[in-house]
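Residue strings, one per chain:
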Amino acid sequence: MPIYEYNCEHCSYKFDKLVMSHNTDVKCPLCQGGVKKLMSTFSVGHDDNISGNLPPGVGPGMCTNC
Ligand SMILES: [Zn+2]
């Protein structure tokens, strides 16, 4: 079951809630105001740039213009 993170648009209270269905009417528990659903940020977006991190042309005999 997905847990979504919400941010109240009225008092900026941030909370997460277990949502059973798409039609769940989520309101701020503090002020009963309207909330905005935030994107779930698990482990997406951390791009380890290993493959594109080759060392520069280091090695013997690389000079062709001496
Ligand atoms: Zn609120």
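For the structure itself, consult the block above.
Residues numbered from 1 in each chain as written. Predicted model: local features only at pLDDT ≥ 70, side-chain atom pairs only at ≥ 80, totals over all residues. Heavy atoms only, no water.

Caption draft 1: Representation of the sheet that holds strand 3 (residues 35-38). Strands sit in the order 2-1-3 across an open sheet of three strands; the sheet is antiparallel. Sheet topology places strand 2 (14-18) and strand 3 at the edges, where each strand pairs with a single neighbour. Along the sheet, successive strands turn relative to each other by an average axial angle of 35 degrees, direction set aside. In this sheet, strand 2 lies alongside strand 1 (residues 3-8) in antiparallel orientation, the contact comprising five bridges. By the bridge assignment, Y4 is partnered in strand 2 with K17. (Pairing = 2+ DSSP bridges. Helix = DSSP H or I, 4+ residues; strand = E, 2+ residues; numbered from the N terminus. Axes fitted to C-alpha atoms, helices over the stretch in contact; angles between N-to-C directions.)

Caption draft 2: Expanded view of the packing of aromatic side chains. In the structure shown here, the tally under the stated rule is two aromatic pairs. Here the aromatic rings of Y13 and F15 are separated by 5.7 Å at their centres, their planes lie at 20 degrees, and the arrangement is stacked. The class of Y13 is partly exposed, set by a relative accessible area of 33%. Taken together, Y6, Y13 and F15 form an aromatic cluster joined through their ring pairs. (Phe/Tyr/Trp six-rings, centres within 6.5 Å; stacked < 30°, edge-to-face > 60°. Buried < 20%, exposed > 50% of the residue type's maximum accessible area, 1.4 Å probe, protein only.)

Caption draft 3: Highlighting the pattern of salt bridges. Under the definition given, this model contains one salt bridge. With a shortest N-O distance of 3.8 Å, K14 and E5 are connected by a salt bridge. Among the residues examined, E5 registers a relative accessible area of 26% and is labelled partly exposed. (Salt bridge = Lys/Arg side-chain N within 4 Å of Asp/Glu carboxyl O.)

Caption draft 4: Quick look at the coordination of the zinc ion. On the protein side, the zinc ion has C8 (SG), C11 (SG), C28 (SG) and C31 (SG) as donor atoms, found 2.3 Å from it. Relative to the metal, the four donor atoms surrounding the zinc ion lie at angles of 104 to 118 degrees, and the coordination shape comes out tetrahedral. Take C8: its relative accessible area is 3%, and that puts it in the buried class. (Donors = N, O, S within 2.8 Å, 3.2 Å for Na, K, Ca; no water. Tetrahedral: all angles 85-135°; square planar, octahedral: opposite > 155°, others 65-115°.)

Caption draft 5: Fine view of the nonpolar core. Formed by Y6, C8, F15, V19, V26, C28 and V35, the largest nonpolar core amounts to seven residues. In this structure, V35 is in contact with Y6, N7, C8, E9, F15, V26, K27 and C28, ignoring residues within four places of it in sequence. (Core = buried A, V, L, I, M, F, W, Y, C linked by side-chain atoms within 4.5 Å. Contact = heavy atoms within 4.5 Å.)

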